[in-house]
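The residues making up each chain are set out below.
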Amino acid sequence: MIKTDVIDQIAHELYEAEKTQTTVGKFVDRYPELDADLAYQVQDRLIDLKCKEEKTRIVGRKLGLTSKAKQQMIGVHEPSYGVLLESMQLMEGEPISISPFIHAKVEPEIAFVFHKEVRGPHVTVAEILAATAYIAPALEIIDSRFEKFNFTLADAIADNSSSSRFIIGERFYKPDEVDLRLMGMVFKRNGEVIETGAGAAVMGHPARAIAWMANKLRKTGQSIKAGEVVLSGAISASATIAPGDYFSASFDGIGSIEAKFTE
Ligand code: 0L1
Ligand code: MG
């Protein structure tokens, strides 16, 4: 099969899987040529498809697989990235129905909003912080289109790094108001602590993960644009969601964010 047909085929299958809430098997089994580079081309195609079909637009990006635990889970040593669309953003305080999801999970993250474009190569943590207008607590709802979250790095990249929805807290902080490495986080489900962590869980510093992405984006001529939001990666393991669950993530120095789920 020629390369453009492979890209098109996988992107359409992922699009349909999300729309019909069905899972797919790993694509690497059917397309051994699917590596990370090809998978990012599938991701771009999938995003084009969604923007066209759902009349939405790109509002930012996300890092995935930033923690050692998640990387070990699929046997890789590097993270992935994906795209955030306007249609994925939810407002804090609004109950979230789990009905559009396949088997969603929720995870606590720090969101960065940029006031300046960042373009690789050689982007540093300092450059990321200088280009950041503000940071805020965030929750990402991830939902893999793969059966039982069973995928390789290339599969996950093609699937837009398991992105589904995101919520950003409405109080904003300057990144130099806190030490993002040492920032503690407590994640609760229904009032009970389920995970704790610190910013350093994200590649030693959440801004390092974003710098890594900015440098990778250069390969395809892309950049982080002024006004975009970036979810820097989960600070702890993700949590499964049941209807009626209520989650909160509290971050040292920047407050908390909450989400309530319904049928
Ligand atoms: O945001 C994430 O870390 C998700 C990346 C893909 C891996 C997963 O589905 O856990
Ligand atoms: Mg995430």
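The structure we're discussing is the one just above.
Presented here is an overview of the structure given in this document. If you're wondering where the values come from, they're calculated on a predicted model, not measured in any experiment.

Before going further, it helps to examine the site of ligand 1. Lining the immediate surroundings of ligand 1 are K62, L63, G64, L65, K70, E107, E140, I142, F149, F151, S161 and S162. At 2.9 Å from an oxygen atom of ligand 1 is found a side-chain nitrogen or oxygen belonging to E107. If you map ligand 1 onto the pockets, it falls in the largest pocket. Where the shell around ligand 1 is concerned, the elements lending two or more residues are β1 (58-64) and β6 (132-142). In terms of residue count, β1 provides more of the shell around ligand 1 than any other element does, 3 residues in total. Here the residues of the shell around ligand 1 are counted per class, giving 5 nonpolar, 3 polar and 4 charged.

As a benchmark, a tetrahedral metal site with four donors has ideal angles of 109.5 degrees, while an octahedral site with six donors has ideal angles of 90 or 180 degrees. Around the magnesium ion (ligand 2), the protein supplies E107 (OE), E109 (OE) and E140 (OE) as donor atoms, at distances of 2.0 Å. In the primary sequence, the donor residues of the magnesium ion (ligand 2) line up as E-x1-E-x30-E. Here E109 is found in strand β5 (residues 105-114), whereas its partner E140 is found in strand β6, with 31 residues between them in sequence. You'll find E109 and E140 in the same group, each marked buried.

This part takes up empty space enclosed by the protein. Enumeration over the complete set of coordinates arrives at 1 cavity of 30 Å³ or more. Considered as a void within the structure, the largest cavity measures approximately 40 Å³ in volume. If you go around the largest cavity, the residues you meet are Y40, Q43, D44, R61, Y81, V83, T220 and Q222. Of all the elements in the fold, those that place two or more residues in the lining of the largest cavity are α2 (36-54) and β2 (80-85).

Our next topic: the packing of helix α1 (residues 3-20) against α2. To describe two helices that pack against each other, one gives the angle between their axes and the distance between the axes. The N-to-C vectors of α1 and α2 enclose an angle of 55°; their axes lie 8 Å apart at closest approach. Here α1 is positioned oblique relative to α2, judged by the angle of their axes. Crossing angle aside, the handedness with which α1 passes α2 is right-handed. The residues of α2 that touch α1, namely those facing K3, V6, I7, D8, I10, A11, H12, L14, Y15 and E18, are L38, Q41, V42, R45, L46, L49, K50, E53 and E54. Residues of the contact of α1 with α2, tallied by class, amount to 10 nonpolar, 2 polar and 7 charged.

Okay, the pairing of β5 next. On any regular strand, side chains alternate: one points to one face of the sheet, the next to the other face. The element β5 is extensively covered by neighbouring structure, given that 9 of its 10 residues are classed as buried. One ladder, built from 10 bridges, connects β5 with β6; its direction is antiparallel. For I110, the partnering residue across the bridge sits in β6 and is P137. Inspection of the sheet shows β5 paired to strand β11 (residues 239-240) by 2 bridges, in the antiparallel sense. Across the sheet, the residue bridging to V106 is A239, located in β11. Bridge count for β5 against strand β10 (residues 229-231) is 3 bridges, and the pairing is antiparallel. Across the sheet, A111 pairs through a bridge with L231, a residue of β10.

Cut-off values and rules
- Residues numbered from 1 in each chain as written.
- Chains lettered and ligands numbered in written order.
- Predicted model: local features only at pLDDT ≥ 70, side-chain atom pairs only at ≥ 80, totals over all residues.
- Heavy atoms only, no water.
- Near = heavy atom within 4 Å.
- Polar contact = N/O pair within 3.5 Å; in protein donor to acceptor, adjacent residues only side chain to side chain.
- 1 Å grid on protein atoms, 1.4 Å probe; cavity = no way out; pocket = protein on both sides within 12 Å on 5 of 7 lines; lining within 4 Å.
- Sits in = over half its atoms within 2 Å of the grid points.
- Helix = DSSP H or I, 4+ residues; strand = E, 2+ residues; numbered from the N terminus.
- Nonpolar A, V, L, I, M, F, W, Y, C, P; charged D, E, K, R; others polar.
- Donors = N, O, S within 2.8 Å, 3.2 Å for Na, K, Ca; no water.
- Buried < 20%, exposed > 50% of the residue type's maximum accessible area, 1.4 Å probe, protein only.
- Points joined across faces, edges and corners; volume = space filled by probe spheres on them.
- Axes fitted to C-alpha atoms, helices over the stretch in contact; angles between N-to-C directions.
- Parallel < 35°, antiparallel > 145°, perpendicular 65-115°, else oblique.
- Left-handed = near helix turned anticlockwise from the far one by under 90°.
- Contact = heavy atoms within 4.5 Å.
- Pairing = 2+ DSSP bridges.

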